[in-house]
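Coordinate analysis (summary)
These are the residues of each chain, in order.
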Amino acid sequence: VRGLSMLKTIHLVKKKPELSFEEFKRYWLEEHTKLSKKLPGMKRYVINIVTGSYTESRPYDGVAELDFEDEESFKKALEGPEGQVAVENAKNFAEYIDILYVEEHVIKKPRIKPAKPKKKKPKVKKKVKKKARKPAKKRVKRKAKKRKR
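Description of the structure in this document. (Residues numbered from 1 in each chain as written. Predicted model: local features only at pLDDT ≥ 70, side-chain atom pairs only at ≥ 80, totals over all residues. Heavy atoms only, no water.)

Thoughts on the layout of surface pockets
Take a probe with the size of a water molecule and roll it over the atoms, and the empty space left behind shows itself. Our working rule: Points on a 1 Å grid, built from protein atoms alone, make a cavity when a 1.4 Å probe fits but cannot get out and make a pocket when they are open with protein on both sides within 12 Å along at least 5 of 7 lines; residues with an atom within 4 Å of a point are the lining residues. Grid points are joined across faces, edges and corners, and a volume is the space filled by probe spheres set on the points. A run of DSSP states H or I qualifies as a helix once it reaches four residues; a run of E qualifies as a strand once it reaches two. Both are numbered from the N-terminal end. Ten residues, namely Ala, Val, Leu, Ile, Met, Phe, Trp, Tyr, Cys and Pro, are considered nonpolar, four, namely Asp, Glu, Lys and Arg, are considered charged, and the remaining ones, Gly among them, are considered polar.
There is about 330 Å³ of room inside the largest pocket. Around the largest pocket, the lining is made up of 20 residues, and of these His11, His32, Val87, Ala90 and Ile97 lie nearest the centre. Contributing elements (two or more residues each) for the lining of the largest pocket: β1 (7-15), α1 (21-36), β3 (62-68), α3 (81-90) and β4 (94-102). With five residues, β4 is the largest single contributor of residues to the lining of the largest pocket. Of the residues in the lining of the largest pocket, the class split is 15 nonpolar, three polar and two charged.

Here it is in C-alpha cells:
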C-alpha cells in the first residue's frame, strides 16, 4: 500500500529524431539506466517502451515511473551529482522529457496464483531378493527334533 507522502513521477519521453527506435530503446535500457538507477532516495524505477498506440498519434516513445518518498526527495535526487549526470545523459537519446507528479490509485490488483507444488515422481521400490526359504517340511522336522529333546 502506497503511503500518502509517496511521490510517483511519470516521465514522458520523446526520442531524438535522428535515432532509430531500436537505437533509442537500446540506449535508454542499456546505457542510461546504469546512471539513472543510482538516483539517491529512489524507491522504484520502471521503464515502459511504447510499442503501439490505440490512436494513430504517438506523442511519446517511452514512459518511466520513478517513485520517491516525497517531492523534496525527488528534487534533491535530480539536483544532486547523480541526478545531474543522468539529466545530461538523457540528452543523448531524448528530444524532450515531460515530468508529471501523479497520485496512483490501484483499482484492480493482479491476482497472484499460489505456486503449484511440484509433482513428485513416484518412488520405484527396488526389488530386494529374498532368501529362499527352506521347504516347510524341514522346519517341521526341526521343531519336532527340538520337542524330543
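Here we look at a positive patch on the surface
Definition in use: Here the term patch refers to residues with relative accessible area over 30% and no salt bridge, with like charges joined within 9 Å and nonpolar side chains (Val, Leu, Ile, Met, Phe, Trp, Tyr) within 5 Å. Here the open area of atoms and residues is found with the Shrake-Rupley method and a 1.4 Å probe, where only the protein chains shown may cover a residue. Think of a salt bridge as a Lys or Arg side-chain nitrogen and an Asp or Glu carboxyl oxygen that are within 4 Å of each other. Counted as positive: Lys and Arg. Counted as negative: Asp and Glu. His and the chain ends are not counted at all. Taken as the charge location is NZ of Lys, CZ of Arg, CG of Asp or CD of Glu. In this scheme, a residue with accessible area under 20% of its type's maximum is buried, one over 50% is exposed, and one in between is partly exposed, where area comes from a 1.4 Å probe on protein chains only.
On the surface, a cluster of positive charge is contributed by Arg111, Lys113, Lys116 and Lys119. Tracing the backbone shows Lys116 in the loop between β4 and α4 (136-148). Classification of Lys116 by relative accessible area gives exposed; the value is 77%.

Observations regarding the environment of Ala94
Counted only if it meets this: Contacts are assigned to residue pairs that have any heavy atoms within 4.5 Å of one another.
Following the sequence through the fold, Ala94 ends up in strand β4. Spatially, the C-alpha atoms of Ala94 and Leu19 are 9.3 Å apart, while their sequence positions differ by 75 residues. The residues contacting Ala94, other than those within four sequence positions of it, are Val13, Lys14, Lys15 and Lys16.

Some points on the nonpolar core
Spelled out, the test is: The definition of a nonpolar core used throughout is a set of buried Ala, Val, Leu, Ile, Met, Phe, Trp, Tyr and Cys residues joined through side-chain atoms within 4.5 Å.
If you look at the biggest cluster of nonpolar residues, it comprises 16 residues, and the most contacted ones within it are Val13, Trp28, Leu39, Leu66, Phe68 and Phe93. Breaking this core down by element, the ones donating at least two residues are β1, α1, β3 and α2 (71-79). Those residues in contact with Val13 that sit more than four places away from it in its chain are Phe24, Trp28, Tyr60, Asp61, Gly62, Phe93, Ala94, Tyr96 and Ile97.

Thoughts on the packing of aromatic side chains
The condition that has to hold: Aromatic pairs are defined between Phe, Tyr and Trp rings, using the six-membered ring for Trp, whenever the two ring centres lie within 6.5 Å; interplanar angles under 30 degrees are classed as stacked, those over 60 as edge-to-face, and all others as tilted.
The full count for this structure, using the stated rule, is eight aromatic pairs. Ring geometry for Tyr60 against Tyr96: centres 6.3 Å apart, planes inclined by 75°, an arrangement best described as edge-to-face. Note that Tyr60 is positioned in the loop between β2 (42-49) and β3 and Tyr96 in strand β4, a separation of 36 residues in sequence. A relative accessible area of 22% means that Tyr60 is categorised as partly exposed. Exposure remark for Tyr96: the relative accessible area of 35% places this residue in the partly exposed category. The structure contains a cluster of three or more aromatic residues connected by ring pairs, namely Phe21, Phe24, Tyr27, Trp28 and Phe93.

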